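# A look at the structure
These are the residues of each chain, in order.
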Amino acid sequence: MTPEDEKWMREAIRLAKTKGTTPADTPIAAVIVRGGEIIAAETNRTQEDNDATAHAEICAFRAGGAKVGDMELRGATLYSTLQPCGMCTMASIWAKVGRIVYGAGRDDVHKMYFEDRNLDTVDFIRDAYRDDLNLEGGCLKDECAALYYGPDDDVPEDEQGNI
Ligand SMILES: [Zn+2]
């Protein structure tokens with residue numbers, strides 16, 4: 001983790017907060033950086049777009065691919081305020097980013113943010129054909145975790161994304 005990583009994560013946190021500052025606002029953001037420049041910066045839009053796949057990372061891959069005119073984002077780093085879910089980890093593999101840096105990890109937040117009890121980001125990456133994708137968690141972890149429901153929070157059932 002470098003000062004540069006924290007800089008981009010701060011940008012992701014700032015963007016996440018544009019959605020609101022309570023967990024009910026699903027303030028999740030992803031920023032894709034390559035060559036010292038942001039090529040995509042998106043928030044979660046599942047509710048807004050009525051689209052279960054509109055996670056911040058997926059939106060960022062769509063925007064980034066459109067911006068650079070290439071579906072493959074080799075050499076790019078994906079910054080996400082929250083550990084990517086299985087779908088977004090798989091999308092990261094397909095998008096060919098070189099690195100994933102996330103803030104809050106699975107154990108720092110409520111289980112509602114993940115689709116599965118056992119599969120984890122690292123499992124997807126460990127078993128991928130590619131062996132050049134690096135994953136680092138815990139960048140500005142506390143600031144990121146503060147955006148979300150905590151592991152022991154009593155979350156209303158209608159807000160729980162995975163039920
Ligand atoms: Zn996701």
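Keep in mind that what you see is a predicted model, and the values were worked out from it rather than measured.

This next bit is on the overall build of the protein chain. Looking only at helices and strands, the protein chain features six helices and five strands. Listing each helix as α and each strand as β along the protein chain from the N terminus yields α-β-β-α-α-β-α-β-α-β-α. Computed over C-alpha atoms, the radius of gyration of the protein chain comes to 15 Å, within 12% of the 15 Å expected from 2.2 N^0.38 for 163 residues, which places it in the range of a compact globule. Here the C-alpha coordinates of the protein chain stretch approximately 40 × 35 × 30 Å along the principal axes. Residue burial in the protein chain is summarised as follows: out of 163 residues, 39% are buried. Residue pairs in contact within the protein chain that sit at least 24 positions apart in sequence constitute 63% of those at least 6 positions apart.

It is worth spelling out the pairing of strand 1 (residues 29-34) at this point. For strand 1, a buried count of five out of six residues is recorded, marking the element as mostly surrounded by other parts of the structure. Relative to strand 2 (residues 37-43), strand 1 is paired through six bridges, and the arrangement is antiparallel. By the bridge assignment, Val31 is partnered in strand 2 with Ala41. The loop that links strand 1 with its antiparallel partner strand 2 comprises two residues; one of these, Gly35, has a positive phi angle of about 60°.

For Asn50, which is not glycine, the phi dihedral falls at a positive 50°. Tracing the backbone shows Asn50 in the loop between helix 2 (46-49) and helix 3 (56-68). Residue Asn50 is classed as exposed on the basis of its C-beta count, with 8 C-beta atoms lying within 10 Å. The phi angle at Leu140 is positive, at roughly 50°, despite the residue not being glycine. With respect to the helices and strands, Leu140 occurs in the loop between strand 5 (134-136) and helix 6 (141-145). For Leu140, a count of 21 C-beta atoms within 10 Å translates into the label buried.

Moving on, we come to the sheet that holds strand 2. Reading across from one edge, 2-1-3-4-5 is the order of the five strands in this open sheet, with mixed pairing throughout. Two strands bound the open sheet, and with one partner strand each, they are strand 2 and strand 5. Adjacent strand axes in the sheet meet at a mean angle of 15°, parallel and antiparallel pairs treated alike. Pairing of strand 3 (residues 77-82) with strand 4 (residues 99-104), which is carried by five bridges, proceeds in the parallel orientation. Of the residues in strand 4, the one forming a bridge with Leu78 is Ile100. Against the sheet, helix 1 (residues 3-17) makes contact with strand 1, strand 2, strand 3 and strand 4, and its axis sits at roughly 145° relative to strand 1, the strand it touches most.

With that out of the way, let us pick up the UniProt feature "domain: CMP/dCMP-type deaminase" (unreviewed entry) in the protein chain. In the numbering adopted here, UniProt assigns the feature "domain: CMP/dCMP-type deaminase" (unreviewed entry) to residues 3-127. Within the segment residues 3-127, helix and strand shares are 38% and 20% respectively, and the terminal C-alpha atoms sit 30 Å apart.

The next thing to look at is the environment of Ala146. Its location among the elements puts Ala146 in the segment after helix 6. Overall, Ala146 belongs to the partly exposed group, with 15 C-beta atoms counted inside 10 Å. Measuring from C-alpha to C-alpha, the distance between Ala146 and Leu78 comes to 20 Å, with 68 residues separating the pair along the chain.

Definitions and limits used
Residue numbers here run from 1 along each chain, matching the order of that chain's written sequence. Local features in this predicted model are restricted to residues of pLDDT 70 or higher, and side-chain atom pairs are both shown and tallied only at a pLDDT of 80 or more, whereas totals for entire chains, interfaces and linings draw on every residue. Where helices and strands are cited, they refer to DSSP runs of H or I of at least four residues and of E of at least two residues respectively, numbered from the N terminus. Throughout, radius of gyration means the C-alpha value; the globule benchmark is 2.2 Å times the number of residues raised to the power 0.38. Burial in this document is a count-based property: other C-beta atoms within 10 Å of a residue's C-beta are tallied, and the residue is buried at 20 or more, exposed at 12 or fewer, or partly exposed in between, with C-beta positions derived from the backbone. What counts as a contact is two residues whose backbone-derived C-beta atoms lie within 7 Å of each other. Paired strands, as defined in this entry, are two strands with at least two bridges between them according to DSSP. Only C-alpha atoms enter the line fits that serve as axes; for helices the fit covers just the stretch in contact. Angles between N-to-C directions range over 0 to 180 degrees. UniProt positions are given in the numbering used here, feature names are shortened, and annotations may be inferred rather than shown by experiment.

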